[in-house]
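Architecture at a glance
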Amino acid sequence: MDFALSEEQTAIFDMAHAFGQDRIAPHARDWEAQGTIPKDLWPQIAELGFGGLYVSEGSGGAGLGRLDATLVFEALSMACPSVAAFLSIHNMCAKMIDTFASDEMRARVLPDALTMNTVLSYCLTEPGSGSDAAALKTRAERTNEGYKLNGTKAFISGGGYSDAYVVMVRTGEDGPKGISTVYVEDGTPGLSFGGLEDKMGWRSQPTAQVQLDDCVVGAQNLVGEEGKGFSYAMAGLDGGRLNIAACSLGAAQQAMDQTLAYMRERKAFGKPIDQFQALQFRLADLEIELQAARTLLRQAAWKLDTGAPDATKFCAMAKKFVTEAGSRIVNQCLQLHGGYGYLADYGIEKLVRDLRVHEILEGTNEIMRLIVARHMLTEQ
């Protein structure tokens with residue numbers, strides 16, 4: 001059993017980290033204040049191959065595995081978890097299109113998605129269906145040209161900002177078998193957006209409701225087959241859970257690095273505060289939890305890459321454990337900064353705010369526990 005990263009994986013991490021520290025970190029606070037991420041950042045990220053991390057090489061993507069992708073999100077989150085998480089959403093959409101869409105749609109959509117001239121958003125959640133995603137109400141009625149869509153999607157990262165939306169809609173009966181996936185381009189008549197949400201964290205990501213009012217899309221914009229949309233949506237969630245965990249991990253590592261540097265310089269009672277044994281014990285506990293989180297995340301990613309039968313269970317375990325560990329670590333790092341940690345200048349309070357939502361999205365951590373328990377009971 002080899003726990004070491006390969007030379008290629010180390011290079012992927014280093015490349016993403018260098019980009020993040022050079023192009024994202026210096027601007028993260030400004031982008032948060034502005035409530036948006038400059039659109040011209042995405043083609044720069046795409047030049048590194050990050051616009052289609054696990055889109056197949058045959059379709060023009062990077063063809064990376066899920067473990068490789070977690071390295072990218074861990075590294076970028078050391079600069080800004082909000083930016084890194086938004087990139088994860090785009091990649092989930094691109095992978096859905098590459099895996100399930102027709103040859104015609106792949107040829108039409110993927111080139112601009114991979115260069116990130118087209119930024120993609122994922123639309124599953126609704127005001128009345130979160131964890132119970134299969135209860136979604138947004139309806140797609142067949143027309144001569146394709147489909148007429150009516151409904152509302154909630155908490156959509158990139159709502160009113162992105163160039164296209166991968167939308168889960170109801171084309172048939174109640175429940176998961178009546179759900180399909182359609183591709184809706186910005187500017188389509190009947191597509192509109194609610195006001196920007198005022199959020200605790202992820203403030204650089206524009207988040208809004210996506211509203212569909214007699215929004216007509218052509219039949220060619222159906223992704224895959226009717227009635228398969230829920231399975232398509234769920235297929236991306238194992239990887240999405242790993243990515244969001246990686247975003248927590250990277251932010252926790254950044255907070256630890258900053259805290260160690262701060263404690264070397266900060267003096268109290270005549271000596272640097274990293275010389276107090278009580279605080280050293282606290283640092284040790286944080287490091288143990290951080291390394292345990294990293295190991296579980298990479299094991300889960302390896303299982304997903306190798307098609308292990310318990311991959312979904314491990315992805316749920318990793319998402320629950322790593323996101324909660326990340327939140328605890330950054331909160332304790334704020335405490336170790338004392339009053340300075342509460343100030344925006346030091347960047348720690350932003351990480352505390354950004355990471356809180358990771359325990360909610362991509363399936364709440366309560367749902368992660370449910371997934372794990374169900375697998376445990378069926379394995380007996």
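Here the structure is shown first, and the text comes after it.
Just so it is clear, the model here is predicted, and its values are computed rather than measured.

Some remarks on the packing of aromatic side chains
Applying the stated rule across the entire model yields 8 aromatic pairs. Plain terms: the ring middles of Phe 100 and Tyr 232 are 4.1 Å apart, the flat faces sit at 15° to each other, and that makes the pair stacked. One end of the pair, Phe 100, is in helix α5 (residues 81-100); the other, Tyr 232, is in helix α7 (residues 229-235), and 132 residues separate them in sequence. Seen from their ring centres, Tyr 340 and Tyr 346 are 5.3 Å apart, and the 45° between their planes marks the pair as tilted. By relative accessible area, Tyr 340 is classed as partly exposed at 35%. Judged by relative accessible area, Tyr 346 falls into the partly exposed class, the value being 33%. Every member of this aromatic cluster is reached through a ring pair, and the members are Trp 42, Phe 86 and Tyr 161. If you follow Lys 39 out to its NZ or CZ, it ends over the ring of Tyr 161, 4.9 Å from the centre.

Some details on the layout of surface pockets
Of the voids in this model, the largest pocket is the one considered here, and its volume is about 1100 Å³. Around the largest pocket, the lining comprises 41 residues; the ones closest to its centre are Thr 125, Ile 360, Leu 361, Glu 362 and Gly 363. Mapped onto the lining of the largest pocket, the elements with two or more residues apiece are α5, β3 (146-157), α7, α8 (237-265), α11 (348-356) and α12 (365-379). Its residues placed into classes, the lining of the largest pocket shows 22 nonpolar, 11 polar and 8 charged. Lining the second largest pocket are 12 residues, with Asp 2, Phe 3, Arg 298, Gln 299 and Trp 302 sitting closest to its centre. In terms of residue count, helix α9 (residues 277-306) provides more of the lining of the second largest pocket than any other element does, 5 residues in total.

Here is what the cut-offs are and how they apply
- Residues numbered from 1 in each chain as written.
- Predicted model: local features only at pLDDT ≥ 70, side-chain atom pairs only at ≥ 80, totals over all residues.
- Heavy atoms only, no water.
- Phe/Tyr/Trp six-rings, centres within 6.5 Å; stacked < 30°, edge-to-face > 60°.
- Helix = DSSP H or I, 4+ residues; strand = E, 2+ residues; numbered from the N terminus.
- Buried < 20%, exposed > 50% of the residue type's maximum accessible area, 1.4 Å probe, protein only.
- Lys NZ or Arg CZ within 6 Å of the ring centre and 35° of its normal.
- 1 Å grid on protein atoms, 1.4 Å probe; cavity = no way out; pocket = protein on both sides within 12 Å on 5 of 7 lines; lining within 4 Å.
- Points joined across faces, edges and corners; volume = space filled by probe spheres on them.
- Nonpolar A, V, L, I, M, F, W, Y, C, P; charged D, E, K, R; others polar.

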